[in-house]
Amino acid sequence: KWIESSQDSLKILGQNGFSFIIISNQAGVSTGTTKIEDLNEINDHIRTVFLTLGLTLLDIYVCTDHWNSESEFRKPNPGMFFAAANDHKFRLDRTIYVGDDERDALASRNAGCECVLVSSEESHDKLDASVKSVRRSLLDLVPTIIKRYETWEKSNL
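One structure accompanies this document, and this report is about it. Keep in mind it's a predicted model, so treat the numbers as computed, not measured.

1. Describing the pairing of strand E4 (residues 114-118)
Thought 1: Of all five residues in E4, four are buried; the element is thus mostly enclosed.
Thought 2: Where strand E3 (residues 96-99) and E4 come together, four bridges link them in parallel fashion. Looking at E4, one finds that Val-98 is bridged to Val-116.
Thought 3: Handedness of the crossover joining E3 and E4 through helix H5 (residues 102-111): right-handed.
Thought 4: Sheet topology places E4 next to strand E5 (residues 131-135); four bridges connect them, and they run parallel. Across the sheet, the residue bridging to Leu-117 is Val-134, located in E5.

2. A look at the pattern of salt bridges
Thought 1: Across all of its chains, the model carries six salt bridges by this definition.
Thought 2: Arg-91 is paired through a salt bridge with Asp-93; the nearest N and O atoms lie 2.7 Å apart.
Thought 3: Between Arg-148 and Glu-114 there is a salt bridge; the shortest N-O distance is 2.8 Å. In this pair, Arg-148 is assigned in helix H6 (residues 138-155) and Glu-114 in strand E4, connecting sequence segments 34 residues apart.

3. What about the packing of helix H1 (residues 4-15) against H6?
Thought 1: Where H1 contacts H6, the axes come no closer than 8 Å and their chain directions differ by 20 degrees. Taken together, the axes of H1 and H6 lie roughly parallel to each other. As H1 runs across H6, the sense of the crossing is right-handed. Judged by residue contacts, Ser-5, Ser-6, Ser-9, Leu-10, Ile-12 and Leu-13 of H1 engage Leu-138, Leu-139, Val-142, Ile-145 and Ile-146 from H6.
Thought 2: Looking at the contact of H1 with H6 residue by residue, the classes come out as eight nonpolar, three polar and no charged.

4. Examining the nonpolar core
Thought 1: Of all hydrophobic cores here, the largest spans 17 residues; its most connected members are Leu-10, Leu-13, Phe-18, Phe-20, Phe-50, Leu-57 and Ile-145.
Thought 2: Elements represented by at least two residues in this core include exactly H1, helix H3 (36-52), strand E2 (57-63) and H6.
Thought 3: When residues in this core are grouped by element, the largest group, six residues, is from H6.
Thought 4: Sequence-distant contacts of Phe-20, that is, excluding residues within four places in its chain, are made with Leu-10, Leu-13, Gly-14, Phe-50, Leu-55, Thr-56, Leu-57, Leu-58 and Asp-59.
Thought 5: Residues Ile-23, Tyr-61, Ala-84 and Ala-107 belong to the second largest nonpolar core, which totals twelve residues.

Procedures and definitions
Residues numbered from 1 in each chain as written. Predicted model: local features only at pLDDT ≥ 70, side-chain atom pairs only at ≥ 80, totals over all residues. Heavy atoms only, no water. Buried < 20%, exposed > 50% of the residue type's maximum accessible area, 1.4 Å probe, protein only. Helix = DSSP H or I, 4+ residues; strand = E, 2+ residues; numbered from the N terminus. Pairing = 2+ DSSP bridges. Right-handed = clockwise from strand over helix to strand, strands pointing away. Salt bridge = Lys/Arg side-chain N within 4 Å of Asp/Glu carboxyl O. Axes fitted to C-alpha atoms, helices over the stretch in contact; angles between N-to-C directions. Parallel < 35°, antiparallel > 145°, perpendicular 65-115°, else oblique. Left-handed = near helix turned anticlockwise from the far one by under 90°. Contact = heavy atoms within 4.5 Å. Nonpolar A, V, L, I, M, F, W, Y, C, P; charged D, E, K, R; others polar. Core = buried A, V, L, I, M, F, W, Y, C linked by side-chain atoms within 4.5 Å.

Geometric values such as these leave the question of function open.
See below:
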């Protein structure tokens, strides 16, 4: 189920020219708690919602490897980030990853991009400077995301 304010947030970002890529660990497939068909159905639903909202969803990257696999694609390893950047020709150092836990922050740092976190806790012990903001909702992070991209655009790098 979608959090309504998250859809509103995505719409605001989309209206400001943003496109989206989803990068997600789904170890439930390898542990047997999630069927690949169910995961595919969920991802198809996500694509439909993005289309209905008029948003550009470039791709969905999913690592179904077990959490003990040491896969280069399983966050906090950066493999899915590198694959996405290569496939869609964008700069990771000009990318903000929206996550919801410290593993997401580590993955984005390992990939060389910045991160913002949606979390009920606004302080995390293990976070470094690559995490630009921690807020309770994606809607609260929208101004930070837009401002960061405006800063990058002005720097012309």
